[in-house]
Protein chains: 2
Amino acid sequence: MKTLKTKHLPWAMGMLLAATMGPAIAQSPTPALPTAEQTDPVKLGWMLGSPPPADKVIRFVDGSGYKFPQTRWSFSNFRQLVPTTQVPRGTGAPVALPRALRDDLDAVSFVPLGKNTPMTWGEAFNANYTDGIVVLHKGRIVYERYAGALRPEGQHISMSVTKSFFGTLGAMLVAEGKLDENATVAKYVPELKDSAFGDATIRQVLDMRTGLKYSENYLDPTAEIWAHTRAGGVLPRPPGYQGPQTFYEFLQTVKKEGEHGGSFAYKTVNSDALGWVIRRVTGQSIGQLLSERIWARMGSEQDAYFTVDSVGNEFAGGGLNAGLRDMARFGEMMRNQGRFNGQQIVPAAVVQDIAKGGDKSAFPQANYPTLPGWSYRNMWWVSNNEHGAYSARGIHGQAIYIDPKAEMVIARYASHPMPNNPFNDPTSLPAYMALAKHLMK
Amino acid sequence: MKTLKTKHLPWAMGMLLAATMGPAIAQSPTPALPTAEQTDPVKLGWMLGSPPPADKVIRFVDGSGYKFPQTRWSFSNFRQLVPTTQVPRGTGAPVALPRALRDDLDAVSFVPLGKNTPMTWGEAFNANYTDGIVVLHKGRIVYERYAGALRPEGQHISMSVTKSFFGTLGAMLVAEGKLDENATVAKYVPELKDSAFGDATIRQVLDMRTGLKYSENYLDPTAEIWAHTRAGGVLPRPPGYQGPQTFYEFLQTVKKEGEHGGSFAYKTVNSDALGWVIRRVTGQSIGQLLSERIWARMGSEQDAYFTVDSVGNEFAGGGLNAGLRDMARFGEMMRNQGRFNGQQIVPAAVVQDIAKGGDKSAFPQANYPTLPGWSYRNMWWVSNNEHGAYSARGIHGQAIYIDPKAEMVIARYASHPMPNNPFNDPTSLPAYMALAKHLMK
């Protein structure tokens, strides 16, 4: 494994490695990759200079925005690569998060999964290629640290953390009776009638228990993930590309495989189908809806933004970019049963439904070695652990982690060279629990 | 003129018409075009729906974002068309502009240039295809109105109003001694040594008194404006395009024509040359510099953003997108001799140098029929009128207008079908003076 030349691995190749090396990595979470310090994007000079030197330029068209270590810059600058839409925070004063910084947290010690030697919280920052992390305890910022290309006033791509926002909005619409969780997708989006989603229920989509012929195997050039991301403009298209031009055009091509309602099967395309349903039901873009329902109401510091396809459809699978403190605000709102800034923003019943988790028996088949006993509900990952923690999770280490028992919320952005979270879970999940226990003392 | 089919005119064709019809339009400021009400982008459904119908889609690649009436949507949504960078406002509370709305202003009457029949301030809003307008009097918002695709929390492209921000930053660096206005561009950017800019002084560039072989005649397919905008990714490129890939690559190709230091000659490319100088001297992107020097310091409500080329160079000629109230804040800061939010943001001497204007004798040759007696200084337009008004101006009706005597600042965004300001000046400039006199009563 040490001979792997990961330096110029495209994103997808990294995904492949992640998929195939998952079990191995649980034993060895730190393969021989350039370190976080060695790949600091400012030190490396990515996109710095007027103009940047040719070998320091990162662009969409040549795919360099998806290569490590260029990702250490691009994850904080996606708006330079693809079209985006605004998620307005409004124009008033943000609701400041109280600060009560502590200097004892860097020394908190934990044992990484699959290891015997302890590591400290402070060491985990670089081990995970963290771009920024904020910890709230009882609603106050007790820890905040940034690195590389991210600043407090900047935005970072949240990858699949995005899905949890869509799941929350979807569950809110169900709670309000605007969306029937037992109705089929085709009821709301007739254009999907003949696709795999046609007879899937909203609930099955929300919990990703659909039977879809949709492979995320990045080794297979015919895997549907390629058509999906090319259609949405997430990845560059080859010359002469004639395939679907948008996310929604692609969704109509997804075929059924097996039955709906079976095991949890994490397939990004479910989130995009949910996004279409939400847009259709509300008549709003997700940027407008998220702003009106959540983002502006919780007193966010910054506008967020979505990456969008060529007709303005948000990438529900991974296109939300936002400030780190605003991600922490969202987590804190969830921790407070949906109440924040003097308002009930998300119905308490929706938060409780997420926190109590999905069907645990439907989860093990999905084979997540770092998530034993977890479940999936409304596009959230639920630990079902002794603290009742649940999390929004995105590849390369993006996370919002809510620990109700410890009254702790963690928001983290990272640009880990390996996409799948089994690569950073070993130095993250036990660190979160150790920090929670330390804060509870 | 009534038979002109302007509906599907591309931007450039509109520019051509503006250039050729300028004198005629001074006599007849309202050609037979669809009205503002008829082209309301929400009523027309541009980019609305999930997904938008094919005939309501606006895209960069086919140039539809530059066609009227699609521009009524795209001017408020440029981030969906091209790459952008952030101009952070910071994360704290914005400095609210006090509100003292008046209901007597819509009735203020004026006579449009070249007309005999009066028009009211309220009527001028649609006559100018206004997307939003804010009027400050003595620092308080006395009038605020939006239409179409723009909202208070949204951003609109400011077109060449952008240039005045670059000119102000440049003049600040001169005042600080970081930039020698008598030195040549080549001193700071050796890459421009063999271009027309090589022996132009910073002062000549700041005042656009350079001798450049650079045509903005949109009728001529060989005009340099085409190469400039294609290089910067402002306009789509034809298949097989082999020309310059960035603004700065293009700048190096600009040839000299005549001598520097002669008449004022408005050529967008000067602003991009200044942008390169500023970036080189400060070592910062313009987004960072503008944020640190002005945008965050004046307590802006919103992040602004720049459209950028493929390597992240800002379009200095016209790429700043911002909230309307923040544009008014900037104007108010200038009106207060650079002081705002308890800080001296721009040196008073810089503001005074702008307000007193450039060489009036250098201006008439440029032939602006609606701007008699005006001059140009530090990329600002100076009226030299009885109120000492000066303005940042952008095509299609973008403006910041500062009237020191009336203690009035106007910020306006518009999507007038005809780009050049002789099309909206007749119903704007006399309206501003009438409003100023009304507010002084």
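All values reported here derive from a predicted model rather than from experimental measurement.

Colleague: Help me understand the relation of the copies chain B and chain A, please; the structure alone is not making it clear to me.
Modeller: In this structure, two copies of a chain are linked by a rotation about an axis accompanied by a shift along it. Aligned on chain A, chain B shows an RMSD of 0.0 Å; the corresponding rotation is 180 degrees and the shift along the axis is 0.0 Å. This pairing of chains is accounted for by a two-fold axis. For chain B, the minimum C-alpha distance to the rotation axis belongs to Ala 93 of chain B and amounts to 2.3 Å.

Colleague: Would you explain helix H12 (residues 324-335) of chain B in this entry?
Modeller: Residue pairs spaced three or four apart in an α-helix point in one direction, given the helix's 3.6 residues per turn. All names here are of chain B. When the terminal C-alpha atoms of H12 are compared, their 17 Å separation across 12 residues agrees well with the 16 Å that a helix rising 1.5 Å per residue should span. Here H12 lies mainly inside the structure; 12 of its 12 residues are buried. What H12 keeps buried is the set Leu 324, Arg 325, Asp 326, Met 327, Ala 328, Arg 329, Phe 330, Gly 331, Glu 332, Met 333, Met 334 and Arg 335. Positioned one or two residues after H12, Gln 337 has a phi angle of 60 degrees, which is positive.

Colleague: I tried to follow the interface of chain B and chain A on my own but got confused; where do I start?
Modeller: For an interface, size is often stated in terms of accessible area lost upon the parts coming together. Every contact between the two is made by 42 residues of chain B and, on the other side, 42 residues of chain A. For the pair chain B and chain A, the summed buried area comes to about 3,200 Å², and 46% of that belongs to carbon and sulfur atoms. The largest share of the area that chain B buries against chain A comes from Ser 50, Arg 79 and Thr 91 of chain B, three residues that together contribute 22% of it. At the junction of chain B and chain A, the tally comes to 0 salt bridges. Those elements giving two or more residues to the side of chain B that touches chain A turn out to be strand S1 (84-87), helix H10 (269-282) and helix H11 (286-295) of chain B. Considering only residue class, the side of chain B that touches chain A consists of 15 nonpolar, 16 polar and 11 charged.

Colleague: Is there a simple way to explain the sheet that holds strand S4 (residues 130-137) of chain A in this structure?
Modeller: The pairing of strands in a sheet comes from backbone hydrogen bonds and takes either a parallel or an antiparallel form. Residue and element names in this part refer to chain A. Ordered by their spatial adjacency, 7 strands build an open sheet running S5-S4-S17-S16-S15-S14-S13, and the pairing between neighbours is antiparallel. Strand pairing shows two members of the sheet lacking a second neighbour, strand S5 (140-146) and strand S13 (375-377), which therefore form its edges. For this sheet, the mean inter-axis angle between neighbouring strands, taken without regard to orientation, is 20 degrees. Packing against the sheet, helix H12 (residues 324-335) makes contact with S4, S5, strand S14 (380-382), strand S15 (390-394), strand S16 (398-403) and strand S17 (408-414), and its axis sits at approximately 150 degrees to S17. Strands in contact with helix H14 (residues 429-440) are S4, S5, S15, S16 and S17; relative to S17, the strand with the most contacts, it is inclined by about 145 degrees.

Colleague: Before we go on, may I ask you to explain the sheet that holds strand S1 (residues 84-87) of chain A in this structure?
Modeller: Strand order in the open sheet formed by 4 strands is S1-S9-S10-S6 (chain A), and the pairing between neighbours is antiparallel. Unpaired on one side and paired on the other, S1 and strand S6 (156-157) of chain A mark the two borders of the sheet.

Colleague: Please clarify how the confidence of the model for chain A should be interpreted in this entry.
Modeller: One rule of thumb: low pLDDT means the predicted coordinates there are not for detailed reading. Residue and element names in this part refer to chain A. Per-residue pLDDT for chain A averages 92, and the proportion of residues at 70 or more is 93%. Averaged over each element, pLDDT in chain A is lowest for helix H1 (residues 11-27) (39) and highest for S17 (99). The model gives residues 1-29 a pLDDT under 50, and that stretch makes 55 contacts with residues more than four places away or in other chains.

Colleague: Looking at this structure, how should I read the environment of Asp 106 of chain A?
Modeller: Residues and elements named next belong to chain A. Here Asp 106 lies in the loop between S1 and strand S2 (109-110). In the structure, Asp 106 is positioned 18 residues away from Ala 124 in sequence and 9.1 Å away in space, judged by C-alpha atoms. Contacts of Asp 106, omitting those with residues within four sequence positions, involve Thr 120, Trp 121, Gly 122, Tyr 143 and Arg 145. Of the polar contacts made by the side chain of Asp 106, one reaches the side chain of Tyr 143; its length is 2.5 Å.

Colleague: For this particular structure, what's the right way to read the side chain of Asn 421 of chain A?
Modeller: All names here are of chain A. Mapped onto the fold, Asn 421 is located in the loop between S17 and H14. In this structure Asn 421 comes out as buried when scored by relative accessible area, which is 10%. Reaching out from Asn 421, the side chain makes a polar contact with the backbone nitrogen of Gly 397 at a distance of 3.3 Å. With residues near it in sequence (within four places) discarded, Asn 421 still touches Arg 393, Gly 394, Ile 395, His 396, Gly 397 and Pro 426.

Parameters at a glance
Residues numbered from 1 in each chain as written. Chains lettered and ligands numbered in written order. Predicted model: local features only at pLDDT ≥ 70, side-chain atom pairs only at ≥ 80, totals over all residues. Heavy atoms only, no water. Least-squares fit on C-alpha atoms with pLDDT ≥ 70 in both. Helix = DSSP H or I, 4+ residues; strand = E, 2+ residues; numbered from the N terminus. Expected span 1.5 Å × (residues − 1). Buried < 20%, exposed > 50% of the residue type's maximum accessible area, 1.4 Å probe, protein only. Contact = heavy atoms within 4.5 Å. Buried area = accessible area lost by both parts, 1.4 Å probe. Salt bridge = Lys/Arg side-chain N within 4 Å of Asp/Glu carboxyl O. Nonpolar A, V, L, I, M, F, W, Y, C, P; charged D, E, K, R; others polar. Pairing = 2+ DSSP bridges. Axes fitted to C-alpha atoms, helices over the stretch in contact; angles between N-to-C directions. pLDDT = per-residue confidence, 0-100. Polar contact = N/O pair within 3.5 Å; in protein donor to acceptor, adjacent residues only side chain to side chain.

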